[in-house]
Amino acid sequence: FYNEVNFNPQQGECGTSYTTEYYKHEYKVGAVGYSHIIDKNNSITRYGANFHAGTNKTTSFSTLETESNFMFGFNPYIKYDKKWVGVGAGLQVGNFKKASNETIDETTIEDAQKDYNFAPEFYLRFGPRHILDIDYNYGFLFPSPYPNLYQRISIGSGFGQKKDFTLRYGYVYPTESSFLYAEGLIKKRFGLSLMYIFKEDEFYESDISTSGKIVFGLNYRFDHK
């Protein structure tokens, strides 16, 4: 993941100009989670927790200085879905960092990212999932191999499958990229999710080259009948 930080504001005839610093982030993160699902009365309730830990290596493009930071997080959450609407809420607690493209009114910068110990997350969905729905996630992608994907909006369909399949297209921030996402069952108890994130928006004033990325996950349903 690449990001840019604009700093050191200078007033000129054409307005305010900034110094721009570009950073590259390399994540090595593992995550494990457990959820309990209650499926009755045409509604699905999910609650559980995730835990992730790993490192983020940051490199400055101008100085080539590298810094590596350990991060971890604990994430309790709950989601409630009915046919036409879904809601969810959760909390990230730990020691983690988020990087984004931003402008700050400081003369110098010490890091390409911000430290967090607490971060909220929430989820909203409208429309029947098996036909066509729109959802918005803030934070619910965080315990993944790609932790900076903390906002997502998408449209998707289960193509008639009410619970076991979805195909989605949407947009993620802060990479400012579109994505394709598919989730479904391999067998009755094994599930697979696959997300392809298209090439990030170009940094036109730099020579940074970006590429598409793949995020995948596996799950097992212990007592599914």
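Shown above is the structure to which this text applies.
Calculation criteria
Residues numbered from 1 in each chain as written. Predicted model: local features only at pLDDT ≥ 70, side-chain atom pairs only at ≥ 80, totals over all residues. Heavy atoms only, no water. Helix = DSSP H or I, 4+ residues; strand = E, 2+ residues; numbered from the N terminus. Buried < 20%, exposed > 50% of the residue type's maximum accessible area, 1.4 Å probe, protein only. Pairing = 2+ DSSP bridges. Salt bridge = Lys/Arg side-chain N within 4 Å of Asp/Glu carboxyl O.

With that settled, consider unusual backbone geometry. For Leu-64, which is not a glycine, the phi torsion comes out positive at approximately 65°. Summarising the element assignment, Leu-64 is placed in the loop between strand E3 (43–60) and strand E4 (66–81). The exposed category is assigned to Leu-64, whose relative accessible area is 63%. At Phe-159, a residue that is not glycine, the phi angle is positive and equals roughly 50°. Take Phe-159: it is sitting in the loop between strand E9 (151–157) and strand E10 (165–173).

This next bit is on the pairing of strand E11 (residues 177–185). Relative to E11, E10 runs antiparallel, the two being bridged by 8 bridges. When the sheet's bridge partners are listed, Tyr-169 is paired in E11 with Leu-180. Counting the residues that bridge the hairpin from E10 to E11 gives 3 residues, and of these Glu-176 lies at a positive phi of roughly 55°. One ladder, built from 7 bridges, connects E11 with strand E12 (residues 190–197); its direction is antiparallel. Pairing of Ala-182 across the sheet is with Leu-194, part of E12.

Moving on to the pattern of salt bridges. A full pass over the atoms with the stated rule returns 6 salt bridges. Here Lys-24 makes a salt bridge to Glu-26, at a shortest N to O gap of 4.0 Å. Note on Glu-26: relative accessible area 37%, which makes it partly exposed. One network of salt bridges, in which partners are shared, links Asp-133, Asp-135, Arg-152 and Arg-168.

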